[in-house]
4 protein chains.
Amino acid sequence: MDLKQILQQYNDLCEDNDWQVFHTPKNLASALTVSAAKVLQHYQWITEEESISLGRIPKSRETIENEIAETFFYLMALANRTGIDLEQAIVNKAERDARDHQGAPD
Amino acid sequence: MDLKQILQQYNDLCEDNDWQVFHTPKNLASALTVSAAKVLQHYQWITEEESISLGRIPKSRETIENEIAETFFYLMALANRTGIDLEQAIVNKAERDARDHQGAPD
Amino acid sequence: MDLKQILQQYNDLCEDNDWQVFHTPKNLASALTVSAAKVLQHYQWITEEESISLGRIPKSRETIENEIAETFFYLMALANRTGIDLEQAIVNKAERDARDHQGAPD
Amino acid sequence: MDLKQILQQYNDLCEDNDWQVFHTPKNLASALTVSAAKVLQHYQWITEEESISLGRIPKSRETIENEIAETFFYLMALANRTGIDLEQAIVNKAERDARDHQGAPD
């Protein structure tokens, strides 16, 4: 997948629907959190063990898949509106985590 | 960026550090929400107007960039552990949104 | 209102419905966050100005009122299951805040 | 504890510190969610079983107690700024829950 292409398509959709005026970083950060909490709602009363197999129930899976994608779009839009390059941020964090948590080479 | 490659690298890191036992969907959904809320915390007392320029302050930007990347990793890990193909989920949602919100062609 | 009485009544309801097994602190902390995020959802795309008058729309007000009460019950249940005296915690925090933020006496 | 008295004292503190301008319902709903997520953070990687005993560790207990009280204050302030009587909302919800979930009388 090409993140830049998806982002461009998403931005076009937002512009075509005049959503940009609502998409301030403050609002997108709220929408991101609300969207993540919707995902969490599926798991709040079940055990960790049960949570592993929830994705196998087609109805739950479809809903969770949609909410995970929604969370991703808000994350991408927030990065975009904050002037953050999401790809670069991910690569930076991956490198930092690898450095912080990996053992020394032989 | 290649999402699959980043995901593979992240999974290797989790395995090397024995994090997989903690990474149940239930726990990852909590971590996702907590991580999103940390992003929101920067914006909770400022206006929408002010939120637009927050990304220009280097210190804030760096912190937000790191938290956005963290949120992305939890989202990716959750999708992975739930058996959801994040790329496909994003493409599906982009198509559904385009279909639902685009005007009819001339 | 007597908090202790409300708490007792709520505990009885939980016991009568065998909810206690689900009401671990971990689960209640998730439910608390999800419930708070549901409240936030009403405000995510509106301005601060608009948010001030949202409570005047009967339909919104009724929903928000119910979600605020739900959030309170999860907060109370979490405190209870964690061995925290909610009343005492509130009084302690009120005193700490007053001490930290009040000007010195004349 | 008298909720009305605590609310009055909290409002006085907010006024004395000129916090009222920041305390729009939109902002308070964000602060409420962020505060709840801070509580959740303590529980995200531990098991339900472990979560039951977390309150016995003095350091964790003190932090959680403070965050629970903070969550309560944002909940109270939000209710207040939305024109919702928190006491009445709680009583209404308690009655509704009892009606919905109690078995029929003999």
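Cut-offs applied
- Residues numbered from 1 in each chain as written.
- Chains lettered and ligands numbered in written order.
- Predicted model: local features only at pLDDT ≥ 70, side-chain atom pairs only at ≥ 80, totals over all residues.
- Heavy atoms only, no water.
- Helix = DSSP H or I, 4+ residues; strand = E, 2+ residues; numbered from the N terminus.
- Rg over C-alpha atoms; globule rule 2.2 N^0.38 Å.
- Buried < 20%, exposed > 50% of the residue type's maximum accessible area, 1.4 Å probe, protein only.
- Contact = heavy atoms within 4.5 Å.
- Areas by Shrake-Rupley, 256 points an atom, 1.4 Å probe, with all protein chains shown as cover.
- Lys, Arg positive; Asp, Glu negative; His and termini not counted.
- Charge placed at Lys NZ, Arg CZ, Asp CG, Glu CD.
- Buried area = accessible area lost by both parts, 1.4 Å probe.
- Salt bridge = Lys/Arg side-chain N within 4 Å of Asp/Glu carboxyl O.
- Polar contact = N/O pair within 3.5 Å; in protein donor to acceptor, adjacent residues only side chain to side chain.
- Nonpolar A, V, L, I, M, F, W, Y, C, P; charged D, E, K, R; others polar.
- Least-squares fit on C-alpha atoms with pLDDT ≥ 70 in both.
- Phe/Tyr/Trp six-rings, centres within 6.5 Å; stacked < 30°, edge-to-face > 60°.
- Core = buried A, V, L, I, M, F, W, Y, C linked by side-chain atoms within 4.5 Å.

*Asks:* Explain the overall build of chain A to me, please; I cannot follow it from the model alone.
*Replies:* Of regular secondary structure, chain A possesses five helices and zero strands. When the helices and strands of chain A are listed from N to C terminus, the series reads α-α-α-α-α. Here the C-alpha atoms of chain A give a radius of gyration of 17 Å, more than 25% beyond the 13 Å that 2.2 N^0.38 yields for 106 residues. Considering only C-alpha atoms, chain A reaches an extent of 45 × 45 × 25 Å along its principal axes. The buried share of chain A, reckoned over its 106 residues, is 52%. Summarising the internal contacts of chain A: among those between residues at least 6 apart in sequence, 68% fall at separations of at least 24. When the accessible surface of chain A is totalled, it reaches about 4900 Å², and 47% of it is carbon and sulfur. Looking at charge distribution, chain A has the averaged site of its 10 positive side-chain charges lying 4 Å from that of its 18 negative ones.

*Asks:* When you look at the interface of chain D and chain A in this model, what are you seeing that I'm missing?
*Replies:* It is common to report an interface's size as the accessible area lost on association of the parts. With eight residues of chain D in contact, the opposing surface of chain A contributes eight residues. Surface buried jointly by chain D and chain A totals about 460 Å² across both partners, of which 45% is contributed by carbon and sulfur atoms. Across the contact surface, chain D and chain A share zero salt bridges. The tally of links from chain D across to chain A stands at two residue pairs in polar contact (both at pLDDT 80 or more). Residue contributions to the side of chain D that touches chain A peak at five residues, all from helix α2 (residues 25-41) of chain D. A breakdown of the residues in the side of chain D that touches chain A according to their chemical character gives two nonpolar, four polar and two charged.

*Asks:* Whenever I open this one, the relation of the copies chain D and chain A confuses me. Can you help?
*Replies:* Relating the two copies of this chain is a rotation about some axis coupled with a shift parallel to it. Aligned on chain A, chain D shows an RMSD of 0.0 Å; the corresponding rotation is 180° and the shift along the axis is 0.0 Å. What the rotation and shift describe, once combined, is the action of a two-fold rotation axis. It is S30(D) whose C-alpha, among those of chain D, lies nearest the rotation axis, at 3.5 Å. Here 100% of the contact residues of chain D are again contact residues in chain A; the copies associate through an equivalent surface.

*Asks:* Explanation requested: the packing of aromatic side chains in the structure shown.
*Replies:* How two aromatic rings sit relative to each other is given by the distance of their centres and the angle of their planes. Enumeration according to the criterion identifies 14 aromatic pairs over all chains in this entry. Centroid distance W45(A) to Y74(C): 5.8 Å. Interplanar angle 50°. Geometry classified as tilted. Within this pair, whereas W45(A) is found in the loop between α2 (25-41) and α3 (48-53), its partner Y74(C) is found in helix α4 (residues 58-81), the two belonging to separate chains. The exposure class assigned to W45(A) is partly exposed, which follows from its relative accessible area of 27%. Three or more aromatic residues joined by ring pairs form one cluster here, namely Y10(A), F72(A), F73(A), Y10(B), F72(B) and F73(B).

*Asks:* Before we go on, may I ask you to explain the interface of chain B and chain A in this structure?
*Replies:* With 59 residues of chain B at the contact, the number on the chain A side is 59 residues. Taken together, the two surfaces of chain B and chain A that pack against each other cover about 5200 Å², and 68% of this comes from carbon and sulfur. Summed over the shared surface of chain B and chain A, the result is zero salt bridges. Every element with two or more residues in the side of chain B that touches chain A is listed here: α1 (3-16), α2 (25-41), α3 (48-53), α4 (58-81) and α5 (86-101) of chain B. No other element matches α4(B), which puts 14 residues into the side of chain B that touches chain A.

*Asks:* Sorry if this is basic, but what is going on with unusual backbone geometry here?
*Replies:* Trans peptide bonds make up the majority, and among non-glycine residues the majority have a negative phi. All names here are of chain A. Even without being glycine, D18 reaches a positive phi, approximately 55°. Looking at the secondary structure, you find D18 in the loop between α1 (3-16) and α2. With relative accessibility at 57%, the residue D18 sits in the exposed group.

*Asks:* Is there a simple way to explain the nonpolar core in this structure?
*Replies:* Most often, soluble globular proteins keep nonpolar side chains buried together rather than apart. Counting residues in each nonpolar core, the largest one holds 124 residues, and the members touching the most others are I68(A), I68(B), I68(C) and I68(D). When residues no more than four places from it in sequence are discounted, the contact partners of I68(D) are L75(C), L78(C), A79(C), I84(C), L86(C) and V39(D).

*Asks:* Help me understand the pattern of salt bridges in this model?
*Replies:* Once the charged atoms of two side chains with opposite charge are near each other, the side chains can pair. Residue and element names in this part refer to chain C. Enumeration over the complete set of coordinates arrives at four salt bridges over all chains. A salt bridge links K93 to D97, with the shortest nitrogen-to-oxygen separation between them at 3.3 Å. In this pair, K93 and D97 both sit in helix α5 (residues 86-101), four residues apart, roughly one turn of the helix. Looking at K93, the relative accessible area reads 9%, which means it is buried.

*Asks:* How should the environment of E87(B) be read in this particular structure?
*Replies:* All names here are of chain B. Looking at where E87 falls in the secondary structure, it is placed in helix α5. The exposure class of E87 is buried, given its relative accessible area of 14%. Along the backbone, E87 and L3 are 84 residues apart, and their C-alpha atoms lie at a distance of 7.6 Å.

*Asks:* How should I be thinking about the environment of L78(C) in this particular structure?
*Replies:* By the element assignment, L78(C) lies in helix α4. The class of L78(C) is buried, set by a relative accessible area of 0%. Spatially, the C-alpha atom of L78(C) lies 30 Å from that of I52(C), the residues being 26 residues apart in sequence. With near-sequence residues (within four places) excluded, L78(C) lies in contact with P25(C), L28(C), A29(C), L32(C), V39(D), Y43(D) and I68(D).

Everything listed here is a matter of coordinates, which is why it stays silent on function.
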